[in-house]
Amino acid sequence: MALSRRTFLGSSAALTVAATAASVAHATLGDPQPVEAACSVFGQPPLEAIAMNRMAYGPRPGDVERVKTMGFTAYVDEQLNPNNIDDSDCDRRLNEARLRIQYDAGTGYAALNENRALTSLSKTTSQLWGLARNVPPMPSQERMRPQSEVRVATWIRAIYSKRQLFELLTEFWHNHFNIKSDNNEQIGATFPVYDRIIRQHALGNFRQFVEAVGRSTAMMYYLNNVTNKVAGGEGGNENYARELFELHTLGSDHYLRFYDQRDEIGVTEYNGELFARGYIDQDVYNASFCFTGWTIRNGNREFPATADYNNGEFFFFENWHQGGAKLVLARKHPSIDFEREFIEDRANPENEGIKVFDLVARHIGTARYICGKLCRRFIADDPSQETIDAAVAVWMANRDAPDQIAKVVRTILLSDEFANTWGAKIKRPLELIWSYLRAVEAELLPDGTAVADQNNDSNHWAEIFSRSDPGGQRVFGWAAPTGHPDVASYWANTNSMMQSWNLPYLLTLANGGSVQVDLLSKTNINSSCYEIVRFWMNRMFGYAISRPTFDELVNFLAQGNSVDAPPQPRKDSQGRPTVPDGTDANYLRDRLNAMVQLMCMSPDFRWR
Amino acid sequence: MDISRRQFLMGCSAAIAAMAGGRLTQLAFADQAELTAGTDEIFVMVFLRGGMDGLSLLAPVSDAIYQAKRRRLVLPTTGDFSSLPFNPNNPTYPGAGYFVLNQKASPLNELYSQGQLAFIHACGLDNSTRSHFDAMDYIERGTPGNKLTPNGWIARHLNSVGANSGVLPVLSTNTAAPTSLLGTSAPAAVGSPRSFAINGPARYNRREPANTRYPWADQAMLKSLERLYPASGKSNIEKVGTRTIETIKTIQAASVGNYTPSNGAVYPAGSFGSALSSIAQTVKLELGLRVATVDLGGWDTHENQGTTDAFGYFSRKIDELARGLHAFYTDMLAYHEKLTVVVMSEFGRRLGANASEGTDHGHGNVMMVLGGNVNGGKCYGSWPGLLDLDQDQDLKITTDYRVVLSEVITRRLGNNKLGYIFPGMTAANYTPLGIVSGADPGPIDWDPEPDLARLNSDQPDAEYRLFLPMLSNC
């Protein structure tokens, strides 16, 4: 059986990444010499560089120095209070963003071609519901427009927002409560509301969070609870109830499948509190019964025929509710009155679903599952049980706290394991391109902004999505309710690798570029090849990379000339400038662009 | 010979050779010991993700229980969307008239009547899970009940016949490789072969051969990239990078261009059709392709399943599946004798329809095997009926999916190491059904841990948990 990372580290002194090991060469910005990788793994970057690579989408110029100056703990606390961070530059970019919308005339609407601002982001469900209903008649480009605007806003925030931890957590929760945003028009139209729910609770209280998600129009449609109603004999629709247990709360490690007798399931104790040891299929069915009648005001012909029953908002429709007592996560134990485990509220049957949320959100299994996922997100594919347990303790102690999630995340970020782990995660495709765009201070252009190349029709966002989607990571684009995988074994594959290698070029240079990057103007091109690579290494990584990678990049930039001199044209055997550079001044720009792209293609740039 | 080993042995610098030390010897040894176990047949795994409703593909339409439980989802037997008559040609099944085939499966019916396609009903994962993701994990890792097995069953098959040789032995047409391929260095996830290349500033990326107009066309970036990802790299990122470069060069050398399918085959629009066409194109490049995987998702039909008219959701999914498989099989005419395609899903769906005109997660399902050596035109296994249900609600399983795959693995792919490929399976639960023709490659090896040392010397760490680069012989 394979070694886990920890057991391997524990058994091999030569490979330890502990900061005290003699074999580890420490790299700091004050000592930006590339590491001599004689017989060891590369040095572990300083904590401020780890922070920018794992609790942000990579460093922008100055970020690493800033964290070093203010101190890591202060930075964590700053990031955990995103509303106190001035994000006006990002806000301005969101306001200035334009996303083209273009369609031909159809029945009931005229042709349109405009570069429109992100006008749906702050709209309410009832304001957006006409798009879902197709009233007045409109093309699908209009109906699905709101979710496209959220995709654009997410890219802009990833690259420019100073609330980087908040953006990472928003992405984490979007994947945890995954919805494919263009699944249908009801979801596509109301997706800005769903994004605001995620953002409202990303650092908040999980119990409030899971219920807000469960009541949302988008989740109601994605997992079909919108049509979950009493049915003679057969189930209503168990899709949502099943994924609530398996993906949103307890996780499949706590799935015990079928049991004939509840006595046989057993209980788990945590700090004196008793919980069902896991969930069984009967829990799924009974929870789905509790949620019968939880639906959306969508003009269903069984609802009253008035406008306020077709506004896209949540409501409980008692006619659809399955009566009777239900057992969910019931505990059979001598100290528990089993009669009290039944869920039934005839006076207010909506409370049965609320009781299910109480049960799953307070369960120890939920704490373990989600804390494990958070550690996997921020530390390692295979985080230590010790750190997970510490996070679980904070989670359980703060189940009623309004800032429960912030407290848990703080515990994880300030753990020894966070500070002492490097390279136990890789960048997924979007993390890779976002970190590149941040490091090179890319400018994302509003659609309609002309660029030099006549082949570029200035439809920049469509170009960005069509070029980045084939990497496999798509904002709100994962079809299954699991969300994007968060382990390297999925992402380390030839397709994702090839797509990631090409993306910096395809986004910024092909056809004049959909994203504007000017490396040459940021570079002192009269300094030596060595110094130029060192400059960009500090920008792109924030720490010193491996010597073989560094040397290869220097040699590439020199193209056979001295590495201690500025880049020169390639020379022939008589020392005369020759192809492909000759005397064409643009060779410097192309050489630099190619070198920085290679830096982005290097194995070093993949590690987090 | 494996291109990576050849390049490593021939191209590595003295410095790398010195650093690699003992590993070089080990590689050379592995090279000499390379086996030619297995056959050069092509295996294509089509996975229908989400739980395909086999009871709406091959439906027990005259069964009163099916009629009562499926209510408004019952396949029509009259009118424009009348289903196709179907004969299981198996005395252990109910006779003609009991089953019908979905009308949109007409292209499959053609292959069935030509004896190229076999169905196995009431088949699947013999584990009670109703979780998509657990079920897929169990199936693809080949270990029902255990989702921690560090590698996939196809990977173990490849490892145990040394089939990572060949220039491009494995192709995954998805954006990433599926779990069944976890744990082998061989898979190349390639969306489309013709676009698998490096894009960069042309001045330093122009491709060989150089000519008078572009005398500098030396692919400087690709060469630099090869040095950034030396064959001696041991981390998973370096290994995958090396594999990516090899794949880029292979496809470049094969001059992969636009593709015109053979025999007038027309693939359906969409990712499934283009994935199958990529596989056909790659097979015809003769790069030694042995295994290809392709996914078709969207089968989780909890709501408005749409089985009763041609425009319903499920009808359109079956249409895409059936036309895709038919086009692929037509396109691959010249390769039928060495081609086997298996189609399966993680589970079937609940017998009883739910309140949303859909079906929730169920159990037993239909599996399909297609190929030139398939004893088609027949249903295999046995039909358990609808009176005696799994958990009192779902179609029972009478054939373990591993039995179907085992027959293909032994009799078509020439690998007898079933104990290693499907740990936990024994002679007692393997009775071949005769789905494919061919003989077993000697006695079945039921040892879960056969001596594969010679074969696995070039494998990456079974679990990709170590990402930092390291050298093993300091």
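About the criteria used
Residues numbered from 1 in each chain as written. Chains lettered and ligands numbered in written order. Predicted model: local features only at pLDDT ≥ 70, side-chain atom pairs only at ≥ 80, totals over all residues. Heavy atoms only, no water. Helix = DSSP H or I, 4+ residues; strand = E, 2+ residues; numbered from the N terminus. Rg over C-alpha atoms; globule rule 2.2 N^0.38 Å. Buried < 20%, exposed > 50% of the residue type's maximum accessible area, 1.4 Å probe, protein only. Contact = heavy atoms within 4.5 Å. Lys, Arg positive; Asp, Glu negative; His and termini not counted. Charge placed at Lys NZ, Arg CZ, Asp CG, Glu CD. Salt bridge = Lys/Arg side-chain N within 4 Å of Asp/Glu carboxyl O. Core = buried A, V, L, I, M, F, W, Y, C linked by side-chain atoms within 4.5 Å. Pairing = 2+ DSSP bridges. Buried area = accessible area lost by both parts, 1.4 Å probe. Polar contact = N/O pair within 3.5 Å; in protein donor to acceptor, adjacent residues only side chain to side chain. Axes fitted to C-alpha atoms, helices over the stretch in contact; angles between N-to-C directions. Parallel < 35°, antiparallel > 145°, perpendicular 65-115°, else oblique. Left-handed = near helix turned anticlockwise from the far one by under 90°. Nonpolar A, V, L, I, M, F, W, Y, C, P; charged D, E, K, R; others polar. Phe/Tyr/Trp six-rings, centres within 6.5 Å; stacked < 30°, edge-to-face > 60°. Lys NZ or Arg CZ within 6 Å of the ring centre and 35° of its normal. pLDDT = per-residue confidence, 0-100. Expected span 1.5 Å × (residues − 1).

Chemist: Could you give an account of the overall build of chain A, naming the residues involved and the relevant values?
Modeler: Secondary structure summary: chain A contains 27 helices and 12 strands in total. Taken against the 2.2 N^0.38 rule, which gives 25 Å for 608 residues, the C-alpha radius of gyration of chain A at 27 Å falls within 12% of a compact globule. Taken along the three principal axes of its C-alpha coordinates, chain A extends 95 × 70 × 40 Å. For chain A, the residues scored as buried account for 63% of the 608 residues in total. Intrachain contacts of chain A at a sequence separation of at least 6 include 72% that bridge at least 24 residues. Looking at chain A, you have 62 positive and 73 negative side-chain charges, and the mean spots of the two groups are 1 Å apart.

Chemist: Can you explain the pattern of salt bridges? Please cite residues and give values.
Modeler: Side chains that differ in charge, positive against negative, can pair when their charged atoms come close. Considering all chains together, one arrives at 71 salt bridges over all chains under this definition. Linking B:Glu140 and B:Arg49 is a salt bridge whose minimum nitrogen-to-oxygen distance equals 2.9 Å. Of this pair, B:Glu140 sits in helix H6 (residues 132–141) while B:Arg49 sits in the loop between strand E1 (42–48) and strand E2 (58–59), and the two are 91 residues apart along the sequence. Like B:Glu140, the residue B:Arg49 is buried in the burial classification. Note that B:Asp295 is salt-bridged to B:Arg49, the shortest N-O span being 2.8 Å. Of the two residues, B:Asp295 sits in strand E8 (residues 291–296) while B:Arg49 sits in the loop between E1 and E2, which places them 246 residues apart along the sequence. On the accessibility criterion, B:Arg49 (17% relative accessible area) is buried. Salt bridges here are not isolated pairs; linked through shared partners, they connect A:Glu171, A:Arg377, A:Asp381, A:Lys425, A:Arg428, A:Glu431, A:Asp486 and A:Arg608.

Chemist: Talk me through the nonpolar core; I want residue IDs and the actual numbers.
Modeler: It is characteristic of soluble globular proteins that their nonpolar side chains tend to be buried jointly. Counting 248 residues, the largest nonpolar core has A:Trp155, A:Trp173, A:Met540 and A:Met595 as the members making the most contacts within it. Top element by residues in this core is helix H27 (residues 587–601) of chain A. It accounts for nine residues. Apart from the residues within four sequence positions on either side, A:Met540 is in contact with A:Pro59, A:Tyr436, A:Ala439, A:Val440, A:Val596, A:Met599, A:Cys600 and A:Phe605. Among the nonpolar cores identified, the runner-up in size contains 43 residues, and B:Cys123, B:Val291, B:Leu413 and B:Val436 belong to it.

Chemist: How would you explain the sheet that holds strand E4 (residues 100–101) of chain B if you had to name every residue and give the values?
Modeler: All names here are of chain B. Reading across from one edge, E2-E4-E3 is the order of the three strands in this open sheet, with antiparallel pairing throughout. Looking at the sheet topology across the chains shown, the edges are occupied by E2 and strand E3 (84–85). Bridge count for E2 against E4 is two bridges, and the pairing is antiparallel. Residue pairing in the sheet places Ala59 in a bridge with Val100 of E4.

Chemist: I'd like to hear about the interface of chain A and chain B, residue by residue, with values.
Modeler: Interface extent is often summarised as the accessible area lost during association of the parts. In this assembly, 86 residues from chain A lie in contact with 75 residues from chain B. Buried surface at the junction of chain A and chain B, summed over both partners, amounts to about 6,500 Å²; 63% is from carbon and sulfur atoms. For the interface between chain A and chain B, the tally reads six salt bridges. The closest approach of N and O atoms between A:Arg570 and B:Asp218, which form a salt bridge, is 3.1 Å. Counting across the chain A and chain B interface gives 31 residue pairs in polar contact (both at pLDDT 80 or more).

Chemist: Summarise the pairing of strand E5 (residues 117–124) of chain B; cite the residues concerned and give the values.
Modeler: All names here are of chain B. In terms of burial, E5 is a largely internal element, eight of the eight residues being buried. Alignment of E5 against strand E10 (residues 365–371), held across five bridges, turns out to be antiparallel. By the bridge assignment for E10, Phe119 is matched with Met368. Relative to strand E11 (residues 378–380), E5 is paired through three bridges, and the arrangement is parallel. For Phe119, the partnering residue across the bridge sits in E11 and is Cys379. Looking at chain direction, E5 and strand E12 (residues 399–400) are connected through two bridges and run parallel. Residue pairing in the sheet places Cys123 in a bridge with Thr399 of E12.

Chemist: Requested: an account of the packing of helix H10 (residues 271–284) of chain B against helix H11 (residues 313–331) of chain B, with residues and values cited.
Modeler: When two helices pack together, their arrangement is given by the angle between their axes and by how far apart the axes lie. Residue and element names in this part refer to chain B. At a closest axis distance of 9 Å, the pairing of H10 and H11 adopts a crossing angle of 15 degrees. When the interaxial angle is binned, H10 and H11 end up roughly parallel. You can see that H10 and H11 cross each other, and the crossing is right-handed. Touching Phe272, Leu276, Ile279, Ala280 and Lys284 of H10 are Glu320, Leu321, Gly324, Leu325, Phe328 and Asp331, all from H11. By residue class, the composition of the contact of H10 with H11 is seven nonpolar, one polar and three charged.

Chemist: So, the pairing of strand E1 (residues 99–103) of chain A: which residues are in play, and what are the values?
Modeler: All names here are of chain A. Among the five residues of E1, four are classified as buried, and the element is accordingly described as predominantly covered. Bridge count between E1 and strand E2 (residues 112–116): five bridges; the pairing is antiparallel. Following the sheet pairing, Arg100 is matched in E2 by Asn115.

Chemist: Can you tell me about the packing of aromatic side chains, naming the residues and giving the values?
Modeler: Per the counting criterion, the structure on display carries 51 aromatic pairs over all chains. Ring centres of B:Tyr430 and B:Trp446 lie 6.0 Å apart, and the angle between their planes is 65 degrees; on these two criteria the pair is classed as edge-to-face. Placement of the pair is B:Tyr430 in the loop between helix H13 (418–421) and helix H14 (453–456) and B:Trp446 in the loop between H13 and H14, with a sequence separation of 16 residues. For B:Tyr430, a relative accessible area of 7% puts it in the buried group. Owing to a relative accessible area of 23%, B:Trp446 belongs among the partly exposed residues under this scheme. Chaining the aromatic ring pairs together yields one cluster made of A:Phe172, A:Trp173, A:Phe177, A:Phe206, A:Phe209 and A:Trp395. In this arrangement the basic side chain of A:Arg151 is found over the ring face of A:Phe465, its NZ or CZ atom lying 4.3 Å from the centre. Above the face of the A:Trp536 ring, A:Arg539 is positioned so that its terminal group lies 5.7 Å from the ring centre.

Chemist: Before we move on, can you summarise the confidence of the model for chain B with the specific residues and values?
Modeler: All names here are of chain B. Mean pLDDT over chain B: 85, with 86% of residues reaching 70 or higher. Of the regions scoring below 50 in pLDDT, residues 454–474 engages in 73 contacts with residues more than four places distant in sequence or in other chains. Here the predicted complex carries an ipTM of 0.90, next to a pTM of 0.90.

Chemist: Which residues make up the side chain of A:Ser252, and what values go with them?
Modeler: Within the secondary structure, A:Ser252 is located in the loop between helix H13 (239–248) and strand E3 (255–257). On the accessibility criterion, A:Ser252 (15% relative accessible area) is buried. Side-chain polar atoms of A:Ser252 contact the side chain of B:Lys147, separated by 2.5 Å. Look past the residues within four positions of A:Ser252 in its chain and what remains in contact with it is A:Glu246, A:Tyr279, B:Asp134 and B:Lys147.

Chemist: Can you explain H27(A)? Please cite residues and give values.
Modeler: Here H27(A) spans 20 Å end to end across 15 residues, near enough to the 21 Å set by a 1.5 Å rise per residue. In terms of burial, H27(A) is largely enclosed, as 13 of its 15 residues are buried.

Chemist: Mind laying out unusual backbone geometry, listing which residues take part and the relevant values?
Modeler: Residue and element names in this part refer to chain A. In this chain, Val135 is followed by Pro136 through a cis amide linkage whose omega measures -10 degrees. Looking at where Pro136 falls in the secondary structure, it is placed in the loop between helix H6 (125–133) and helix H7 (140–143). Cis geometry is adopted by the peptide bond preceding Pro580, which originates at Val579 and carries an omega value of 0 degrees. By the secondary structure assignment, Pro580 is in the loop between helix H26 (547–558) and H27. Backbone geometry at Asn271 places phi at a positive 50 degrees, although glycine is not the residue there. Following the sequence through the fold, Asn271 ends up in the loop between strand E4 (267–270) and strand E5 (273–276).

Chemist: Can you break down the environment of B:Val190 residue by residue, with the values?
Modeler: In this structure, B:Val190 sits in the loop between strand E7 (188–189) and helix H8 (220–228). A relative accessible area of 2% places B:Val190 in the buried class. Between the C-alpha atoms of B:Val190 and B:Leu433, which are 243 residues apart in sequence, the distance is 34 Å. If we skip the residues at most four places from it in the chain, B:Val190 touches A:Asn495, B:Leu171, B:Ser172, B:Thr173, B:Asn174, B:Phe196 and B:Thr247.

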